[in-house]
Amino acid sequence: MLQTVSEWLWWERLWLPTNVSWSDLEDGEGRVYAKTSQLHAALPCALCLLLVRYLFERYLATPLANVWGIRDSVRLTAEPNPLLENYFRCRARAPSQVDVRSLCKKTSWSERRVQVWFKRRRNQERPGLRKMFCEASWRCVFYTFAFVYGVLALYDKPWLYNLREVWAGFPRQSMLPSQYFYYLLEMGFYLSLLLSLTFDVKRKDFKEQVIHHIATLTLLSFSWISNYIRIGTLVMAAHDCADILLEGAKVLNYAKWHRTANAMFVVFTVLFMLTRLVIFPFWLIHCSWVYPMEEFAPFFGYYFFNVMLLVLQMLHLYWAVLISRMAYKCIFSKLEGDERSDEEEDDSDSPRERDNKLSHKNGTGARDRANGH
């Protein structure tokens, strides 16, 4: 049975054009081809990147945060209440109004007090400013390194300037060492992001981020096996260049360099729209969708690869809307933060409650206790 599954999984018509077999992609005559077994190196690379990230955040990003005076905001701790804690952990972080009334009866608390408790409890779960600064710093450094490496790997290649060269002689295109390490670096990074989901800052577009990472890894894996390496490197370089500015703007914003951060974010917006809404669909997807038809007949892998590119493009459109809103605030009003972030809530007591607490501290609550309250 396993043999049958393996034969179907590696059926040549799924991965390769007609009249091309796996034997045609065996090393020889000075050509070296990508191999499926090489993808296993992505996991050790991801683990190494997680270690490098830990060392970077602890010994570089954290001291830099100290120099720039980046501190976590002081948060009010939710007072101990086993009943509310159990509800928070097992049922919902934000109870409905009906549940709030029910909890009020069970705890003998006012609605305001229950609502404040949940706000404070949610704030306790949110990441601090220093954590977000360290995470953005790491991503900014990685994207910068990856983009520079990508430029060095591509600047002298003919398919960077003439997209028809991407498919010249496909799939019998020898793999270059620079392409191998570029793929390994990118796959290791996105795999590390999936492995670190549990302790990374969780944003409102968390599900979209997961879809993006999985689609990216699927695209990279498939393009590696099917020798779509040339178009794959172009797609990676087009994505990395804008992400540098996004993470850099976050770093500066956390450091309270708001004007510089806003200016960088506006430049990022322009570059994002150019690379993700113009170059990616009208150059790269066009290159992947139209030009191969001139070289070979369509096959399953051709359709699969292009569908995955369209999934990425739909995510680009979703993020373009969010980015446009933030850019509008940068230019015409004030940008308070990342719209994708789960913002900290105001969990302060109302003036009336503060007066009541103050009166209890001053001893005026003794009369109430004497009356049986």
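Participant: Give a detailed account of the overall build of the protein, specifying residues and quantitative values.
Facilitator: Assigned secondary structure in the protein consists of 15 helices and zero strands. Within the protein, buried positions represent 46% of all 373 residues. When the accessible surface of the protein is summed, it comes to about 20,400 Å², and 62% of that surface belongs to carbon and sulfur atoms.

Participant: So what about unusual backbone geometry? Which residues, and what values?
Facilitator: Note the cis peptide between F170 and P171, where omega equals 0°. Checked against the element boundaries, P171 lands in the loop between α8 (158-161) and α9 (177-195). With a phi close to 65°, S108 is a non-glycine residue in the positive phi region. Along the chain, S108 falls in the loop between α5 (97-107) and α6 (111-125).

Participant: So what's going on with the packing of aromatic side chains? Residues and values would help.
Facilitator: Inspection of every chain in the model, using the stated rule, returns 32 aromatic pairs. Aromatic pair W15 and F222: ring centres 5.2 Å apart, planes at 25°, arrangement stacked. Here F222 lies in helix α10 (residues 206-225) and W15 lies in helix α2 (residues 12-15), a separation of 207 residues in the sequence. The same class applies to W15 as to F222, namely buried. Counting every residue linked through ring pairs, the aromatic cluster contains W15, W167, F170, F222, Y228, F296, F299, F300, F304 and F305.

Participant: Explain the confidence of the model for the protein to me, and be specific about the residues and the numbers.
Facilitator: Residues of the protein with pLDDT of at least 70 account for 86%, and the chain-wide mean is 84. The least confident element of the protein, judged by mean pLDDT, is helix α15 (residues 366-370) at 36; the most confident is helix α3 (residues 42-67) at 95. A low-confidence stretch, residues 353-373 (pLDDT under 50), is modelled with nine contacts involving residues beyond four sequence positions or located in other chains.

Participant: Give me the lowdown on the pattern of salt bridges, citing residues and values where you can.
Facilitator: On inspection of all chains with the given rule, the structure shows 15 salt bridges. A salt bridge links R113 to E79; its shortest N-O distance comes to 3.0 Å. Note that R113 is positioned in helix α6 and E79 in the loop between α3 and α4 (82-90), a separation of 34 residues in sequence. Among the residues examined, E79 registers a relative accessible area of 34% and is labelled partly exposed. Residue E111 pairs with R101 through a salt bridge whose shortest N-O separation is 3.7 Å. On the criterion of sequence distance, the pair formed by E111 in helix α6 and R101 in helix α5 is long-range, its members being ten residues apart. Residue classification places E111 among the partly exposed positions, given a relative accessible area of 33%. Using a relative accessible area of 43% as the deciding quantity, one classes R101 as partly exposed. Ionic contacts of the salt-bridge type, sharing partners, join the residues R53, E57, E135, R139 and D200 into one network.

Participant: Could you give me a rundown of empty space enclosed by the protein, with the residues and numbers involved?
Facilitator: Taken as a whole, this structure holds five cavities of 30 Å³ or more when the rule is applied. In terms of lining, the second largest cavity is formed by 15 residues, of which the most central are T216, L220, V235, M236 and L312. Mapped by element, the contributors of at least two residues to the lining of the second largest cavity are α9, α10, α11 (229-254) and α13 (300-332). Class assignment of the residues belonging to the lining of the second largest cavity gives a composition of eight nonpolar, five polar and two charged.

Participant: Account for the environment of E295, naming residues and giving values.
Facilitator: Here E295 is to be found in the loop between α12 (258-289) and α13. Placed 125 residues apart in sequence, E295 and F170 show a C-alpha to C-alpha distance of 7.7 Å.

Participant: Describe in detail a nonpolar patch on the surface, supporting the description with residues and values.
Facilitator: Judged by side-chain polarity, V148, V151, L152, Y155, L160 and Y161 come together as a nonpolar surface patch covering roughly 610 Å² of accessible area. Put simply, the parts of the chain that give the nonpolar patch at least two residues each are α7 (129-154) and α8. Sorting elements by how many residues they give to the nonpolar patch places α7 first, with three residues. Mapping Y161 onto the fold places it in helix α8.

Participant: Can you break down the packing of α9 against α11 residue by residue, with the values?
Facilitator: In helix packing, the relevant descriptors are the interaxial angle and the interaxial distance, both defined with respect to the helix axes. Where α9 contacts α11, the two axes come as close as 11 Å, and the packing angle between them is 55°. Considering the angle they form, α9 stands oblique to α11. In the crossing of α9 with α11, the sense of the turn from one axis to the other is left-handed. In contact with Q179, Y182, Y183, E186 and Y190 of α9, α11 contributes I229, R230, G232, T233, M236, A237 and D240. Counted by class, the contact of α9 with α11 contains six nonpolar, three polar and three charged residues.

So, how was this worked out
Each chain has its residues counted from 1, running along the sequence as written. With pLDDT at 70 or above as the cut-off, local features in this predicted model cover only qualifying residues; side-chain atom pairs require 80 or more to be listed or tallied, and sums for whole chains, interfaces and linings still use all residues. To obtain the side-chain values, all non-hydrogen atoms of the structure were used and water was disregarded. Only runs of H or I of at least four residues qualify as helices and only runs of E of at least two qualify as strands under DSSP, and these elements are numbered from the N terminus. Exposure classes here rest on a 1.4 Å probe applied to the protein chains alone. A residue is buried below 20% of its type maximum, exposed above 50%, and partly exposed in between. Computed with the Shrake-Rupley method and a 1.4 Å probe, the accessible areas treat only the protein chains shown as cover for residues. Centres within 6.5 Å are what make two rings of Phe, Tyr or Trp a pair, Trp counting through its six-membered ring; a difference in plane orientation under 30 degrees is then read as stacked, over 60 as edge-to-face, and the rest as tilted. Every residue carries a pLDDT, the predictor's confidence in it, which falls somewhere between 0 and 100. Every residue pair with non-hydrogen atoms within 4.5 Å of one another is taken to be in contact. What makes a salt bridge here is a side-chain nitrogen of Lys or Arg within 4 Å of a carboxyl oxygen of Asp or Glu, nothing more. Here a cavity is any set of points on a 1 Å grid over the protein atoms alone where a 1.4 Å probe fits but cannot get out, and a pocket is any open set with protein on both sides within 12 Å along at least 5 of 7 lines; a residue lines the site when it has an atom within 4 Å of a point. Grid points are joined across faces, edges and corners, and a volume is the space filled by probe spheres set on the points. Charged residues are taken to be Asp, Glu, Lys and Arg, nonpolar residues to be Ala, Val, Leu, Ile, Met, Phe, Trp, Tyr, Cys and Pro, and polar residues to be all remaining types, Gly included. Only residues whose relative accessible area exceeds 30% and that form no salt bridge enter a patch; like-charged residues are grouped when within 9 Å of one another, and nonpolar side chains (Val, Leu, Ile, Met, Phe, Trp, Tyr) when within 5 Å. Geometry is summarised by axes, namely lines fitted to C-alpha atoms with helices restricted to the contacting stretch, and by angles between N-to-C directions that run from 0 to 180 degrees. Roughly parallel here means an angle under 35 degrees, roughly antiparallel means over 145, roughly perpendicular means 65 to 115, and every remaining angle is called oblique. Here is the rule for handedness: rotate from the far helix to the near one, and if that takes an anticlockwise turn smaller than a right angle the crossing is left-handed, while a clockwise turn gives right-handed.

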